[in-house]
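# Fold and contact review
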Amino acid sequence: MGGSEAKTYMGWWGHLGGPKQKGVTSYSVSPYAQKPLAHSFKNAYSNTFRRFKSQFLFVLIPAGIYYYWWKNSESYNAYLYTKAGREELERVNN
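Residues numbered from 1 in each chain as written. Predicted model: local features only at pLDDT ≥ 70, side-chain atom pairs only at ≥ 80, totals over all residues. Heavy atoms only, no water.

## A short note on the overall build of the chain
Note the cut-off: A run of DSSP states H or I qualifies as a helix once it reaches four residues; a run of E qualifies as a strand once it reaches two. Both are numbered from the N-terminal end. All accessibility values rest on the Shrake-Rupley procedure with a 1.4 Å probe; residue burial counts only the protein chains present in the view.
Within the chain, the regular secondary structure consists of 3 helices and 0 strands. Written out in order from the N terminus, the α and β elements of the chain read α-α-α. Split by element, the accessible area of the chain, about 9,700 Å² in all, is 62% carbon and sulfur.

Set out below in structure tokens:
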């Protein structure tokens, strides 16, 4: 398989014996890319708390408004189906 029996033998893979190439740039992998989970567990707690602290109002305020609206609607619906609320229910439906 490409051994010395070929008519023009240039060498085996990696040792072709040709002239040295010019302008070849070699790259290396960053140590952060080699260890993508380095320090992730160490920083997980502080990062989680920091992100939660900066974002919880964006969730808490709409959730509170929705909860208030839901409970108010639920109690109003329960009122409409009582003896006292039947008259208002007829007025609302017509």
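Having put the structure on the table, let's press on.
## Remarks on the packing of aromatic side chains
We apply this condition: Only centres within 6.5 Å qualify two rings of Phe, Tyr or Trp (six-membered ring in Trp) as a pair; their planes then separate them into stacked at under 30 degrees, edge-to-face at over 60, and tilted for everything else.
One pass over the structure, following the stated rule, counts 5 aromatic pairs. Three or more aromatic residues joined by ring pairs make a cluster, and in this case those are Tyr66, Trp69 and Trp70.

## Section: the confidence of the model for the chain
Filter applied, for reference: Confidence of the predictor at the level of single residues is given by pLDDT, which spans 0 to 100.
Put simply, the chain has an average pLDDT of 83, and 80% of its residues get 70 or more. Of all helices and strands in the chain, the one with the weakest mean pLDDT is helix H1 (residues 31-34) (74), whereas helix H2 (residues 40-80) scores best (93).

## A short note on the pattern of salt bridges
Counted only if it meets this: Here, a salt bridge means any side-chain nitrogen of Lys or Arg that lies within 4 Å of a carboxyl oxygen of Asp or Glu. Classification of residues uses two cut-offs on accessible area relative to the type maximum, computed with a 1.4 Å probe and protein chains only: under 20% is buried, over 50% is exposed, and between them is partly exposed.
Applying the stated criterion across every chain yields a total of 2 salt bridges. Among the salt bridges present, the one from Lys71 reaches Glu74, with a minimum N-O distance of 3.2 Å. Separated by 3 residues within a single helix, Lys71 and Glu74 lie in helix H2, roughly one turn from each other. A salt bridge links Arg91 to Glu88; its shortest N-O distance comes to 3.7 Å. Here the residue Arg91 and the residue Glu88 both occupy positions in helix H3 (residues 86-93), the gap between them amounting to 3 residues, near one helical turn. The exposure class assigned to Arg91 is exposed, which follows from its relative accessible area of 59%.

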